[in-house]
Amino acid sequence: SIVSKQYRTAYHFQPPKNWINDPNGPMYYKGIYHLFYQYNPNGSLWGDIIWGHSVSTDLINWIRLEPALDRTTPSDNNGCWSGSATILAPDSPVILYTGSDSSNRQVQNIAFPVNLTDPYLTKWTKPAYNPLIEPVGDLNSSEFRDPTTGWVGKDNLWRIAIGAELQGKGAAILYKSKDFVHWVRAKDPLHSSSASGMWECPDFYPAVAEGDGSETKYVLKMSLTETGMDYYMLGKYEEDRDAFVPDNVVDDYRLWARIDFGKFYASKSFFDPQKHRRVLYGWSSESDSASDDVAKGWAGIHTIPRTIWLDNSGKQLLQWPIEEVESLRKDEVHLQDIDLNTGAVFEVKELKEASQADVEAEFELYNLERAEPLDPNWLLDPQKLCEEQSASAPGGVGPFGLLLLASDDLVEHTAVYFKVYRSQNSYMVLMCSDQRRSSSRPGLYKPAYGGFLDVDLQKERKISLRTLIDHSVIESFGGGGRGCITARVYPEALCTGSTYLHAFNNGSTTVKISTLKAWKMRRAKINENISIRS
Ligand code: FRU
């Protein structure tokens, strides 16, 4: 049908059909990027999960290979679930993944490439001695999964962490091994917290700041089933105790730092040695109904890979779409110095294909006097604040921002915007992505997402917004990557006509667009067909 075609993305990672969820085992090996993913070969709802496999040389265009892991053994015949790749010295990649075994227990398995001279690592094999790690003792066999990439300690032993719920606490359980095959559980988890339940898909790595100071912090990322969102903590890794120690222990997960304020889950990163950067992928599930997914024949996409690094303050992570995505840009539109007065709605007419675009805008704030005071209680629930103080509600400094994927009459639109609040002697910036008017179709999940950004408006009175628009997905980056919001939207206008881009301001103070650049994005080559066979 027309509907299904228009909601499919043009430059985001997705297989030709069916369900996908988590990115798995990302790595760079002998000049090739590998990406595996949770895949249902039999339909567009979750189930029968195996590992799909694609390769790339630029992280944007992907070649689809045969699935790497199938449900073929007693230790994975109910599902080959999430896991990671580790490149063991000198030169051998391995996969650790969770199997849902024949008794539906979650066990940890290993797989090896069949032929190391095949640069695509097309075929993988599982040894008969799987599983390597079983849920014994105090481990709950249905809350024990998603092993991390391994790392080596000073004692030369390998380490991995596995997501779990341990005595009601979210935990990353630590295991050690000499040979990557025999694993011994450490006495204490790498970290745990009673502020949340099960931690899925833990990710643990050092993050480095740009520039000379080169401050390093460790990052522990966890995915919480109770909210379906990704959180992280920054801290130290105390090697002798084998413990991650967060800089701030926060016992309410609503105040934990977020990777993305929107529809973004089960993210996983890897270090790209070719470009000396850490790259992060996330899964963005659909916000339409299961019956829509069956009708579309597909569900789930991965976000555009992001570089992720430590802010110079050492207090938060920054994220930005990898530079390679810019190779898809064409037909640049460049506007400058546009004043948005109270009530302004300014159409960017020059952008011809607003459903497949990259937009970079910079807003300059003339005056912060009218910034409204911040109620500290709002910090717990910025999403609610975005709902209550919507894009159309008059404010002081803001709301201002962009209306994306708008219908010609503006009845349908997704508003991505900022609002500045005063808090003691400084300012707080709320960033929102409001999907409530994104589509007139019934049966959609249309929340408003949001969070606070740490931008220093006293230093510079500017806030930037980058947005990647690709049919049913909008990925927004506020304040140079200080806050990210991924949203899934299904405008009817995509099927019946064109969509448009506008800038707006509903604050009582004028805001200037100092620059706005927009590009039409080319279609990427994504998993079109299996062009390599072993
Ligand atoms: C996260 C997750 C993982 C699990 C996989 C199963 O989305 O639930 O914890 O390994 O998906 O597909």
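So, how was this worked out
Residues numbered from 1 in each chain as written. Predicted model: local features only at pLDDT ≥ 70, side-chain atom pairs only at ≥ 80, totals over all residues. Heavy atoms only, no water. Core = buried A, V, L, I, M, F, W, Y, C linked by side-chain atoms within 4.5 Å. Buried < 20%, exposed > 50% of the residue type's maximum accessible area, 1.4 Å probe, protein only. Domains from an automatic or database assignment. Contact = heavy atoms within 4.5 Å. Pairing = 2+ DSSP bridges. Helix = DSSP H or I, 4+ residues; strand = E, 2+ residues; numbered from the N terminus. Axes fitted to C-alpha atoms, helices over the stretch in contact; angles between N-to-C directions. Near = heavy atom within 4 Å. Polar contact = N/O pair within 3.5 Å; in protein donor to acceptor, adjacent residues only side chain to side chain. Areas by Shrake-Rupley, 256 points an atom, 1.4 Å probe, with all protein chains shown as cover. Nonpolar A, V, L, I, M, F, W, Y, C, P; charged D, E, K, R; others polar. Disulfide = S-S within 2.5 Å.

### Details of the nonpolar core
And step 1. Counting 50 residues, the largest nonpolar core has F363, L365, L402, F418, V420 and L516 as the members making the most contacts within it.
And step 2. For this core, the domains that each give at least three residues are domain 1 (5-321) and domain 2 (329-521).
And step 3. L402 has contacts with V359, F363, T414, A415, V416, L465, T467, L501, H502, A503, F504 and L516, leaving out every residue within four places of it along the chain.
And step 4. By size, the runner-up hydrophobic cluster in this structure holds 25 residues, among which are I50, I60, F270 and V325.

### Section: the sheet that holds strand 38 (residues 511-521)
And step 1. Read across the sheet, six strands follow the order 26-38-28-34-35-36 without closing on themselves; strand pairing throughout is antiparallel. With partners counted over all chains shown, the strands left at the sheet margins are strand 26 (329-340) and strand 36 (483-488), one partner each. Across the sheet, the axes of successive neighbouring strands diverge by a mean angle of 15°, strand direction being ignored.

### As for the site of the ligand
And step 1. Lining the immediate surroundings of the ligand are N21, D22, Q38, W46, W81, S82, R145, D146, E200, Y265 and W283.
And step 2. In the model, an oxygen atom of the ligand is placed 2.8 Å from a nitrogen or oxygen of the R145 side chain.
And step 3. Separating an oxygen atom of the ligand from a side-chain N or O atom of D146 is a distance of 2.5 Å.
And step 4. The protein chains hide 91% of the 320 Å² of surface that the ligand would expose on its own.
And step 5. The set of elements that each furnish at least two residues to the shell around the ligand consists of strand 1 (18-29) and strand 5 (80-88).
And step 6. Split into classes, the residues belonging to the shell around the ligand amount to four nonpolar, three polar and four charged.

### A closer look at the state of the cysteines
One covalent bond between the sulfur atoms of two cysteine residues makes up a disulfide.
And step 1. Tallied over the entire structure, the rule returns one disulfide.
And step 2. Bridging C386 to C432, the disulfide has an S-S length of 2.2 Å. In this structure the cystine formed by C386 and C432 twists about its S-S bond by roughly -80°; its chirality is therefore left-handed. Taken together, the residues C386 in helix 3 (residues 382-388) and C432 in strand 32 (residues 426-434) connect sequence positions 46 residues apart.
And step 3. The class of C386 is buried, set by a relative accessible area of 0%.
And step 4. Among the residues examined, C432 registers a relative accessible area of 1% and is labelled buried.
And step 5. In this model C484 remains outside any disulfide bridge; the closest cysteine sulfur is found in C386, 15 Å from its own.

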